[in-house]
Amino acid sequence: MIRLRMMIFGAFAVLLISCSNGGLPGSDRPSSSPTPVGGTTMKLESPAFSANGLIPSEYTCDGKNISPPLTWTEIPTGTQSLALIVDDPDAPRGTFVHWVVYNLPATLTELPAHVTMETDLAGGLQGKNDFRSLGYGGPCPPSGTHRYFFKLYALDQPLRLPAGASKAQVLTTAEGHILASAELIGRYHRRS
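Anyway, here's the lowdown on the structure attached to this text. (Residues numbered from 1 in each chain as written. Predicted model: local features only at pLDDT ≥ 70, side-chain atom pairs only at ≥ 80, totals over all residues. Heavy atoms only, no water.)

1. Description of the overall build of the protein
Part 1: Secondary structure assignment for the protein yields 2 helices and 8 strands.
Part 2: Relative to its 192 residues, the protein shows a buried fraction of 38%.
Part 3: Across the protein, the fraction of contacts at a sequence separation of at least 24, relative to all contacts at a separation of at least 6, is 72%.
Part 4: About 11,100 Å² of surface is accessible on the protein, with carbon and sulfur atoms providing 55% of the total. (Helix = DSSP H or I, 4+ residues; strand = E, 2+ residues; numbered from the N terminus. Buried < 20%, exposed > 50% of the residue type's maximum accessible area, 1.4 Å probe, protein only. Contact = heavy atoms within 4.5 Å. Areas by Shrake-Rupley, 256 points an atom, 1.4 Å probe, with all protein chains shown as cover.)

2. Examining the state of the cysteines
Part 1: Scanning the entire structure with this criterion turns up 1 disulfide.
Part 2: Here Cys61 engages in a disulfide with Cys140; their sulfurs sit 2.2 Å apart. In this structure, the disulfide formed by Cys61 and Cys140 twists by about 85 degrees around the S-S bond and is classed as right-handed. Taken as a pair, Cys61 in the loop between β1 (43–45) and β2 (70–73) and Cys140 in the loop between β6 (125–126) and β7 (145–155) lie far apart in primary sequence, 79 residues in all. (Disulfide = S-S within 2.5 Å.)

3. Focus on the environment of Arg190
Part 1: Its location among the elements puts Arg190 in the segment after β8 (178–189).
Part 2: A relative accessible area of 31% places Arg190 in the partly exposed class.
Part 3: Residues Arg190 and His146, spaced 44 residues apart in sequence, show a C-alpha to C-alpha distance of 9.3 Å.
Part 4: Leaving out residues up to four positions away in the same chain, Arg190 has contacts with Cys61, Asp62, Cys140, Pro141 and Gly144.
Part 5: Of note is the side chain of Arg190, whose polar atom sits 2.8 Å from the side chain of Asp62. (Polar contact = N/O pair within 3.5 Å; in protein donor to acceptor, adjacent residues only side chain to side chain.)

4. Regarding the side chain of Ser81
Part 1: Examined against the element boundaries, Ser81 turns out to sit in strand β3 (residues 81–88).
Part 2: At 2.8 Å, the side chain of Ser81 forms a polar contact with the backbone oxygen of Gln157.

5. Thoughts on the side chain of Asn129
Part 1: With respect to the helices, strands and loops of the structure, Asn129 is situated in the loop between β6 and β7.
Part 2: Residue classification places Asn129 among the buried positions, given a relative accessible area of 3%.
Part 3: A distance of 2.8 Å separates a polar atom in the side chain of Asn129 from the backbone nitrogen of Phe131.
Part 4: Asn129 has contacts with Val97, His98, Trp99, Leu134, Gly135, Tyr136 and Gly137, leaving out every residue within four places of it along the chain.

Pasting the structure below:
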């Protein structure tokens with residue numbers, strides 16, 4: 001009887017360990033978060049502000065309202081295009097989208113400051129933000145300190161979307177094609 005209990009306990013332990021590693025042994029079920037090809041993790045940074053640091057007013061509605069410079073590294077093998085979404089989850093009426101860029105070539109490793117609709121993005125397209133315009137719209141919180149999430153996605157194919165697509169359209173079309181992602185958070189507080 002004790003031996004039977006030990007065998008059942010051992011089988012149960014193996015089952016628990018297998019499930020915590022992504023599924024039953026032999027399961028082809030993918031994990032819940034995309035794993036970068038080659039075991040790398042993308043990195044997204046800005047020379048204008050540090051992670052969780054304050055975004056300089058130059059890049060906001062209180063300054064020149066230009067996009068900040070961004071750089072990224074460790075793009076996974078197999079990446080065919082990149083997409084960038086910038087949004088503010090602290091907005092009073094829910095997440096507010098500030099910038100949507102997609103179909104950037106996988107060979108691109110940075111965006112300069114002051115990307116406009118005329119900037120050559122080597123085939124990349126800009127989408128519609130929640131200011132109801134195309135391109136970048138800088139932080140402009142009504143009050144308090146808000147967080148701005150810069151999210152970069154490595155995709156295994158270009159997105160079949162025209163210029164002016166929304167964040168929702170980009171994410172829906174990218175579903176199942178995200179190889180890896182990176183995030184940079186900046187903060188901004190308007191002076192009274």
